[in-house]
Amino acid sequence: MSKKLPSLLVVSSCTGAKLHKPAQQITLADFQQGHGHVREREAELKEFMTSAKRMYTGQQHMLVVQGMDLLNQRKSVVTSDLKIISAGYGLIDDNTFIAPYETTFNDLSSKEITKWSRELGIHADLNEAVKDYDIVIFLLGEGYLKAAELPLESRPDQSFIFLASGGSAKTLPQHAAKRAVMTLGNKDAKRFGYGLVGLKGFLFHQLARMVAENPETLRDWHEEPQLAIDALEEWQVNRHALPLLEAPIPTPSPILFVSPKYVEGIHRTGLGFNPGNLSAEEFYPHPHHTLSAKPRTRFTVVINNRDKLKITRDEQGRPLPAPRMDRIWKYIEGYGTPEGPRGYLTSLAYHNPGSDPLPETEEGNIYDCGAWSYKAEPQPILKKKDGPLTPESTMRLFDATGARMGTDIIVSPDMLIMDTDSPERQQEKIDVSLRFAREMMPLAQGHRLMAVTHGRFEQRHMMMERYLDMGYTHIALGSLAIKSGRDPKFVHKCVEDALKYREQVPELYIHVLGVSSIPWAAKLTQLDVDSFDGSSMYMKAFAGGEYMQYAPHTENLIIKHRIIDNAPWSDELPPCNCPACEAMRKEDWDTRAQGGKPKGEESGRPYNGGNEANMGRAVHNINMYLRALTDIQLKLRSEKSLSERVEAESPLLIPL
């Protein structure tokens, strides 16, 4: 067997979506006037010219480029190249510099396609190109297959793989090369969970991943090209299934506690929520002092587009003509005053630009890119119908949110690294994050632009240095939330490593994403990170049925009550008078019970459920957390010797 692996050529098509779309871009009429005229037009559009790899931003092309980047990581053993059929330039390499143009074979009749493609010399150039490769993968739509004028000249020792629509697949001619065809239609788009427009690129990306993980796969596909299609089908069947040996062993379902039917005035007792029989003022104390000088470290409250409270009554309790949906920040203590939150964080994945902009804060808000929402995708993508994000489209989204230049922070799209990702997949994600960070820099002039590190300690350290080399002064540490409980020493090591660079870059701003428990709030404040955030107040309120009590006499300052055990309107938990709880009580919702139910009603809102009560409780939890945070930061500021004492007692937790 030859040691050299089969070489691979990918033939794809241009896309209508392009990096630049100036008003006077080149048209088909310009191309038809010949090379001299096109050169003149290119001179007019000189500032917009770039490589074909960057120019095309359609879904298929972006995915193909990502796949080629994967293969290039194995360029020492895998020979792979990309050719693009352009309806304006003919057959081009991905590094060919082109100007923006508006021309596609999809708008031409069959006769027009044949006539124009012959003038461009596409068939002859394809014949010349494919002869040097062992495997050729064609990712062409109907119009572009017609432009190729198949069959091509080929040899029996070559393999051709076509990903094509059902109609095109029926008309593909035989070749001397071995051939395999995968037909794709709407049902296949649904089956693979990807839009039809970008499906060929999506599937090629999976093929590229398979080769990157095991280059020897190319030998099998060269010998029998149908194996490549079989591999895609097998991947589709197995991608959501656990290997047999890893599948969890079924366990008997636990007996769920069923809450008793609500009867006004009758409640269970003895649950121990308030054994000291404290009053509401004692049970929910406010911090005794305010911070005269705020510490460097601030907590940014997480806000999503759907985080609203439904209000049906005015201040006097009279029904409103129509319900209104208030953004929850109106019910956070100190809203609109210097004592309120020092910043908010929202994500492009959940923030609707058409909704109210975030409250303006003096220290600035953070607009994240939403990496968690596309953690399983090969590249950043928020809505499949809009295709993968580009640096340009990302900037447009940030501008639409109302992010203030020079004050608010915007985050360059990053890829979240999972522990289950292969080493090759991890490197691919790092490369995508670095590429976006590099290309966002010239577009974000005047904005506070932040990049994010992920992965193992060594990977984070490398990314940190690469970002600093690019000129970044705002860097976030991502995907640490789970590890903050499981491996706190790892989190501590990563944060300290990032902060060491402040000696070289005094203006360096460090944010920690998703780590916010009270012990960690204390530690991050002590370390002097610039900001951190967390959304556990929401998750615990909705999924865990947890209701927070600020308790300054306890070690962690917070007591969490599992209020699913508390009957609606029971006073075992005293009624809270924070803005959120008061507002919900006027709406006949009880935030102290899981969902709650209006007083005096025997039917209507369910006991175990109800978004209004759950959301009201989430805001209550935020209010209690902010009280505890004020207290802990005050203690850290007032106790000068605390840092030395804590380091001696524990490297992680601060006893209070």
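Residues numbered from 1 in each chain as written. Predicted model: local features only at pLDDT ≥ 70, side-chain atom pairs only at ≥ 80, totals over all residues. Heavy atoms only, no water.

Comments concerning the sheet that holds strand E9 (residues 159–165)
Phase 1: Spatial ordering of the open sheet is given by E5-E4-E1-E8-E9-E10, a layout of six strands whose pairing is mixed. Every other strand in the sheet has two partners, leaving strand E5 (90–93) and strand E10 (178–184) as the edge strands with one partner each. When the angles between neighbouring strand axes are averaged without regard to direction, this sheet yields 20°.
Phase 2: Judged from the seven bridges that link them, E9 and E10 form a sheet pairing that is parallel. From the neighbouring strand, alanine 164 faces E10, where its bridge partner is threonine 183.
Phase 3: In this fold helix H10 (residues 199–213) packs onto strand E1 (8–13), strand E8 (135–138), E9 and E10, with an angle of close to 130° to the strand it touches most, E10. (Pairing = 2+ DSSP bridges. Helix = DSSP H or I, 4+ residues; strand = E, 2+ residues; numbered from the N terminus. Axes fitted to C-alpha atoms, helices over the stretch in contact; angles between N-to-C directions. Contact = heavy atoms within 4.5 Å.)

Overview of the confidence of the model for the protein
Phase 1: Looking at the protein as a whole, its pLDDT mean stands at 85, while 87% of the residues score no less than 70.
Phase 2: Low confidence marks residues 240–270, where pLDDT is under 50. Its contacts with residues over four positions away, or in another chain, come to 27 contacts.
Phase 3: Low confidence marks residues 640–656, where pLDDT is under 50. Its contacts with residues over four positions away, or in another chain, come to 32 contacts. (pLDDT = per-residue confidence, 0-100.)

Some points on the environment of methionine 539
Phase 1: Its location among the elements puts methionine 539 in helix H20 (residues 536–542).
Phase 2: Expressed as a C-alpha distance, the spacing of methionine 539 and asparagine 614, which sit 75 residues apart in the sequence, is 10.0 Å.

Description of the pattern of salt bridges
Phase 1: With the rule as written, the count across this model stands at 35 salt bridges.
Phase 2: The partner of glutamate 424 in a salt bridge is arginine 74, with the nearest N and O atoms 3.3 Å apart. Taken together, the residues glutamate 424 in helix H15 (residues 423–440) and arginine 74 in the loop between helix H4 (59–72) and strand E4 (80–86) connect sequence positions 350 residues apart.
Phase 3: Overall, arginine 74 belongs to the partly exposed group, its relative accessible area being 24%.
Phase 4: A salt bridge links arginine 313 to aspartate 588, with the shortest nitrogen-to-oxygen separation between them at 3.3 Å. Of the two residues, arginine 313 is situated in strand E12 (residues 308–313) and aspartate 588 in the loop between helix H21 (579–586) and helix H22 (611–638); the sequence distance between them amounts to 275 residues.
Phase 5: A residue is classified by how much of its surface remains accessible, and arginine 313, at 31% relative accessible area, is partly exposed.
Phase 6: Sharing partners across several salt bridges, the network here consists of Asp30, Arg41 and Glu44. (Salt bridge = Lys/Arg side-chain N within 4 Å of Asp/Glu carboxyl O. Buried < 20%, exposed > 50% of the residue type's maximum accessible area, 1.4 Å probe, protein only.)

Thoughts on the packing of helix H18 (residues 488–499) against helix H19 (residues 518–527)
Packed helix pairs are characterised by how far apart their axes lie and by the angle those axes make with each other.
Phase 1: H19 packs onto H18 with a crossing angle of 25° between their chain directions and a minimal axis gap of 11 Å. Here H18 lies roughly parallel to H19, going by the angle between them. The crossing of H18 and H19 is right-handed. Where H18 abuts H19, its residues Pro488, Val491, His492, Val495, Glu496 and Leu499 lie against Trp520, Lys523, Leu524 and Leu527.
Phase 2: Among the residues forming the contact of H18 with H19, the class breakdown is seven nonpolar, one polar and two charged. (Parallel < 35°, antiparallel > 145°, perpendicular 65-115°, else oblique. Left-handed = near helix turned anticlockwise from the far one by under 90°. Nonpolar A, V, L, I, M, F, W, Y, C, P; charged D, E, K, R; others polar.)

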